[in-house]
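# Survey of secondary and tertiary structure
Chain residues, written in single-letter form:
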2 protein chains.
Amino acid sequence: MSKSPINLLNKFSKFTEHWSPKVVAEMNDYQFKLAKIKNDFTWHSHKETDEVFIVIEGAMRIDFRDGWVDLCAGEMYVVPKGVEHKPYAKDECKIMFIEPRGVVNTGDAGGDLTAKDDVWI
Amino acid sequence: MSKSPINLLNKFSKFTEHWSPKVVAEMNDYQFKLAKIKNDFTWHSHKETDEVFIVIEGAMRIDFRDGWVDLCAGEMYVVPKGVEHKPYAKDECKIMFIEPRGVVNTGDAGGDLTAKDDVWI
């Protein structure tokens, strides 16, 4: 019997809001999350874990206190644990990011952009 | 100062061999590996971990004892730990897969297709 793949663009078609991560898969205690992002996110860091960003469609920038990285579709970057960063996208950008289950999107910063855990699509 | 993203297609351009995983990134104790695959791999399982497959270019199939999943570019699948599987691609397919550092590609099966650990590109 045929099993269903996880189609990323299909999953992205199911929501419109920005900075609102949706879980699409789990691997052991890690989660794969999709988000549509636009404009500035909050400066924050994750003391306990690295975080991987993969751009699926569009372009984004991650600012660091000592520089930045520009990412476009088909590119990825690992933000090391403890490193302050601020994601940004001029136009809407579709990203997948990967981190342990339970990590809060705004890390140590909190605030209005803090998302609910574990929203699956 | 600008930092360098990991560009997946650029990394794929650096090797030609099939079933020979190359590490492109680490997140905590997990590795992101690229492979070009074609034809049949070995039936095997990983007793200790789930394994994520993401198709970057082309199409592949993963056979299970009780079925299969067809994956094309932009699709992913999580093979649960302990589940026997056999990757296959009719034509060359470019994939990224994610698993803990130190996992052997042929799992419990061994054989000629067993790759060296930790080859970075």
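Residues numbered from 1 in each chain as written. Chains lettered and ligands numbered in written order. Predicted model: local features only at pLDDT ≥ 70, side-chain atom pairs only at ≥ 80, totals over all residues.

## Quick look at the confidence of the model for chain A
In low-pLDDT regions, the fine details of the predicted coordinates are not to be read closely. Taken residue by residue, chain A gives an average pLDDT of 96. The fraction at 70 or more is 100%. Per the prediction output, this complex has pTM 0.96; the corresponding ipTM is 0.95. (pLDDT = per-residue confidence, 0-100.)

## Here's the deal with the pairing of strand β8 (residues 85-100) of chain B
Residues and elements named next belong to chain B. Note that strand β3 (residues 30-40) and β8 share ten bridges and pair antiparallel. If you follow Ile-37 over to β8, its bridge partner there is Cys-93. Judged from the five bridges that link them, strand β4 (residues 51-57) and β8 form a sheet pairing that is antiparallel. Within the sheet, the bridge partner assigned to Val-52 lies in β8 and is Ile-98. As judged from the four bridges shared by strand β5 (residues 59-64) and β8, these two strands associate in the antiparallel manner. (Pairing = 2+ DSSP bridges. Helix = DSSP H or I, 4+ residues; strand = E, 2+ residues; numbered from the N terminus.)

## A short note on the nonpolar core
Residues Phe-53 and Ile-95 of chain A together with Phe-53 and Ile-95 of chain B are the most contacted members of the largest nonpolar core, which totals 56 residues. Ignoring anything within four residues of it in the chain, the contact list for Phe-53 of chain A reads Ile-62, Leu-71, Met-76, Tyr-77, Val-79, Ile-95 and Phe-97 of chain A. (Core = buried A, V, L, I, M, F, W, Y, C linked by C-beta atoms within 7 Å. Buried ≥ 20, exposed ≤ 12 C-beta atoms within 10 Å, placed from the backbone. Contact = placed C-beta atoms within 7 Å.)

## Digging into the relation of the copies chain B and chain A
Placing chain B over chain A gives an RMSD of 0.0 Å and needs a rotation angle of 180°, together with 0.0 Å of translation along the axis. Expressed as a symmetry operation, the mapping of one chain copy onto the other fits a two-fold axis. Looking at chain B, 100% of its interface residues are interface residues in chain A too, so the copies touch through the same face. (Least-squares fit on C-alpha atoms with pLDDT ≥ 70 in both.)

## Quick word on the interface of chain B and chain A
Opposite the 28 residues of chain B that make contact, chain A presents 28 residues. Within the residue set of the side of chain B that touches chain A, elements represented by two or more residues are β1 (6-7), α1 (8-12), β2 (22-27), β6 (67-72) and β7 (75-79) of chain B. Here the element with the most residues in the side of chain B that touches chain A is β6 of chain B; it accounts for five residues. Along the lines of polarity and charge, the residues of the side of chain B that touches chain A split into 16 nonpolar, six polar and six charged. As paired elements, strand β1 (residues 6-7) of chain A and β7 of chain B share two bridges and run antiparallel to each other. Across the sheet, Ile-6 of chain A pairs through a bridge with Met-76 of chain B, a residue of β7 of chain B. (Nonpolar A, V, L, I, M, F, W, Y, C, P; charged D, E, K, R; others polar.)

## Examining unusual backbone geometry
Only a minority of non-glycine residues have a phi that is not negative, and only a minority of peptide bonds are not trans. Residues and elements named next belong to chain A. The phi angle at Asn-28 is positive, at roughly 55°, despite the residue not being glycine. Examined against the element boundaries, Asn-28 turns out to sit in the loop between β2 (22-27) and β3 (30-40). A positive phi angle is found at Asn-39, which is not glycine, with a value near 70°. By the secondary structure assignment, Asn-39 is in strand β3.

## Focus: the pairing of β2 of chain B
Residues and elements named next belong to chain B. Inspection of the sheet shows β2 paired to β3 by five bridges, in the antiparallel sense. Looking at the pairing, Ala-25 lines up with Phe-32 of β3. Hairpin remark: β2 followed by β3, antiparallel, with two residues in the connecting loop; positive phi at Asn-28, about 55°.

## Thoughts on the environment of Ile-37 of chain A
Residues and elements named next belong to chain A. In this structure, Ile-37 sits in strand β3. Accessibility expressed as a C-beta count within 10 Å gives 23 for Ile-37, which makes it buried. Each C-alpha atom, one on Ile-37 and one on Cys-72, is 13 Å from the other, the two residues being 35 residues apart in sequence. Residue contacts for Ile-37: discarding those within four places in its chain leaves His-18, Trp-19, Met-60, Pro-87, Ala-89, Cys-93 and Ile-95.

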